[in-house]
Amino acid sequence: MSEEEKVTNGASYGASSIQVLEGLEAVRKRPAMYIGDIGLKGLHHLVYEVVDNSIDEAMAGHCDRIDVTINENNSVTVEDNGRGIPVDMHEKEGKSALEVVMTVLHAGGKFDKDSYKVSGGLHGVGVSCVNALSSHMKVEVARDGHLYIQEYEQGTPQYDVKSIGNSDKTGTRVTFLPDNTIFIETIYRNEILTNRLRELAYLNAGITLTLTDKRHVLEDGTYKTEVFFSQEGLKEFVEYIDEAREKLIENVIHISTEKNGTPVEIAMTYNTSYNENIHSYVNNINTIEGGTHLAGFRRGLTRTLKKYAEDSKMLEKIKVEISGDDFREGLTAVISIKVAEPQFEGQTKTKLGNNEVMGSVDMAVSEALGNYLEENPKAAKIIVEKVILAATARAAARKAREMVQRKSPLSGGGLPGKLADCADKDPAKCELFLVEGDSAGGTAKQGRSRQYQAILPLRGKILNVEKAMPHKVLESEEIRNIYTALGVTIGTEDDSKALNLTKLRYHKVIIMTDADVDGSHIATLIMTFFFRHMKELIEQGYLYIATPPLYLCKKGKIEEYCWNEAQRQAFIDKYGSGSESGIHTQRYKGLGEMNEVQLWETTMNPENRTLRQVTIENAASADHVFSMLMGDDVAPRRQFIEENATYAKIDA
Ligand code: 0RA
């Protein structure tokens, strides 16, 4: 290349490069705007963005395998067997299309006008965002008989796209290392990616997704690998979610269709529980706030079932009025639709706003359910009987609810007698500790900061709401105390499950139980209650778990609290040189063994304590786990506990 050519080339390249850099710099300046946050969520979001591109390629019919690898250094590799991102010169940008996709915001997918691009991450930001937020990224493309490569640092290409050899395959492989100057969490969690890839496999039947964790070497020297594949899609998703529940009807009702140009897939069944479990997705994104597709589903379901029940004359002798809720008790359903230009609304941008979608989903569910009821009269009768039972129980539940409401602080009934309330009235500053047992409750009342910490002792094991009828839940004194202490009101005429969080009196609700098996069980029972009856409170980030220490280690005047065996060993190593004598380690079996000063110092004082925030990473997976942990079936529970025992090991 002559000197002159270099200059010309450099100048034109420079102009567009500056634009690119400005774009990527914006992403690095305000990462949360693009990927939600810079914690665990955002970190995992990077993987979802890259996987989404491969899912698009699969949905266009060109790819059936996506392999995700967590590498030893917490970089992630996503490889697919699609056509490979085009590498030819991009006319407008004057560089390889591959480079444009990797470096220009929102450039991904725009080349292929034929493909029906409906995927794209929650924020739809594309792979260039991931590139901008990675200290290093590498893309390898097998295409047209060649293997191409380009690498980047913080989104900046390190060299032009080049061919480094031949290949008889096609596909794309992206490897990226999240930038640790941006992310506050940099360690990938296997179970978070597992849950997402499993979900994607169910949502996209026929694609094989795998997760290999190179940080986890098995005894035979290979890496831990999981394969996710679903032949029948949502039907199998519903079966998976309801694995630990008792079926009410044998079949899963399944429809995969297109209405008014919108691809709609629905699977649903009924179980004997009292929960409503509807999981909805738009373009593979879990719409946790619902929206028009969910509204359409509910409308279609209610109308179709109501009409069938009326026509079959089963409602004639029923005294109570049937509400929309009653049709959904014991219902597990997954709705997945694809929308070309989704309008996402709501606080977390997970509520679908597109009005035209409502009718499409309504039509789809009416058609599938209508046919099913006609063809399966026995099952239809069982469903209608369940609806009638739900309506009858709801009348009883309303009475119980009115009792709670009457006793709520706002209607003058006063707070629970056992509650030691705090002085401050600003919910944002106030904390409520739910404490296992009256004895520990007493210690906590003495140790707390009265200004902003309230204590509600709970007597032993609260009701397992997973198994209880709705009105039983409200008849439980402990649960009524939680409701009244929190100040939330429940239930309107339209929706008996609606929760009014605006009255919530504390923005931190902290579960504090013993660090033993019973304590974990009680914490799980309380979490189950919140998950089923106050999910919004978890979604708002208000629920926490306290972590009391396991040991107090002493040598002479030196005292240290230890939260795990490793810390205890470290204390012994540090102070036990010479002989192991003179060291005293005390195992705390329960909160009650600490005095009020110790409890304050280790577990309640915001300066020292560790609170674990309860979050819902993946609603469908949480649903599955809660029903299994709290249900009747022992075998799956035992298997889950065995598989997850390493996370829960407390006793040395
Ligand atoms: C646009 C056009 C073509 C492929 C892709 C995008 C593509 C993108 C990604 C992202 C990850 N994996 C991918 N695989 C393919 C190809 C158009 C053609 O070959 O005609």
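All values reported here derive from a predicted model rather than from experimental measurement.

Draft legend 1. Broad picture of the overall build of the protein chain. A count of helices and strands for the protein chain gives 19 helices and 28 strands. Counting every atom, the protein chain has about 30200 Å² of accessible surface; 50% of that belongs to carbon and sulfur.

Draft legend 2. Seen up close, the nonpolar core. One finds Val 68, Met 102, Phe 176, Tyr 188 and Leu 209 to be the most contacted residues of the largest nonpolar core, which totals 51 residues. Broken down by element, the residue count for this core peaks at eight residues, all from helix α3 (residues 40-59). Excluding residues that lie within four positions of it along the chain, Val 68 makes contacts with Val 47, Val 51, Val 76, Thr 77, Val 78, Leu 197, Thr 210, Leu 211 and Thr 212. Residues Ala 400, Leu 504, Phe 626 and Met 630 belong to the second largest nonpolar core, which totals 44 residues.

Draft legend 3. Structural context of the packing of helix α6 (residues 190-203) against helix α7 (residues 234-241). Remark: α6 packs on α7, axes separated minimally by 7 Å, with the N-to-C direction vectors making an angle of 135 degrees. By the angle between their axes, α6 is oblique relative to α7. Here Arg 198, Glu 199, Tyr 202 and Leu 203 of α6 lie close against α7, whose contacting residues are Leu 234, Glu 236, Phe 237 and Tyr 240. Class assignment of the residues belonging to the contact of α6 with α7 gives a composition of five nonpolar, no polar and three charged.

Draft legend 4. A look at the site of the ligand. Close to the ligand lie eleven residues; Asn 53, Glu 57, Asp 80, Ile 85 and Arg 143 are nearest. Within the side chain of Asp 80, an N or O atom sits 2.6 Å from a nitrogen atom of the ligand. The contact in question runs from an oxygen atom of the ligand to an N or O atom on the side chain of Arg 143, over 3.0 Å. Taking 460 Å² as the accessible area of the ligand by itself, protein coverage stands at 79%. Here the shell around the ligand gets three residues from one element, more than from any other, and that element is α3.

Draft legend 5. Seen up close, the environment of Asp 56. Inspection of the secondary structure puts Asp 56 in helix α3. When the C-alpha atoms of Asp 56 and Asn 283 are compared, they prove to be 9.8 Å apart, with 227 residues separating the residues in sequence.

Scoring rules and cut-offs
- The residue numbers shown here count from 1 along each chain, following its written sequence.
- The model is predicted, so local features are restricted to residues of pLDDT at least 70 and side-chain atom pairs to those at 80 or more, both for listing and for counting; the totals for chains, interfaces and linings are taken over all residues.
- By convention in this description, side-chain values take in all heavy atoms of the structure and omit both hydrogens and water.
- Helix numbers and strand numbers start at the N terminus; a helix is a DSSP run of H or I with at least 4 residues, a strand a run of E with at least 2.
- Method for areas: the Shrake-Rupley scheme with a 1.4 Å probe, in which residue coverage is limited to the protein chains shown.
- For the purposes of this section, nonpolar cores are sets of buried Ala, Val, Leu, Ile, Met, Phe, Trp, Tyr and Cys residues that join through side-chain atoms within 4.5 Å.
- In this scheme, a residue with accessible area under 20% of its type's maximum is buried, one over 50% is exposed, and one in between is partly exposed, where area comes from a 1.4 Å probe on protein chains only.
- Contacts are assigned to residue pairs with any non-hydrogen atoms lying within 4.5 Å of each other.
- All axes here are fitted lines through C-alpha atoms, helices being fitted over the stretch that makes contact, and every angle between N-to-C directions spans 0 to 180 degrees.
- By the definition adopted for this analysis, an angle is roughly parallel if under 35 degrees, roughly antiparallel if over 145, roughly perpendicular if from 65 to 115, and oblique otherwise.
- Ten residue types, Ala, Val, Leu, Ile, Met, Phe, Trp, Tyr, Cys and Pro, are classed as nonpolar, four, Asp, Glu, Lys and Arg, as charged, and the remainder, Gly among them, as polar.
- When at least one non-hydrogen atom of a residue lies within 4 Å of a molecule or strand, that residue is treated as near it.
- Counted as a polar contact is a pair of N or O atoms within 3.5 Å, where, for protein atoms, one must be capable of donating a hydrogen and the other of accepting one, and residues adjacent in sequence contribute only when both atoms are in side chains.

So yeah, pure geometry; function would need other evidence.
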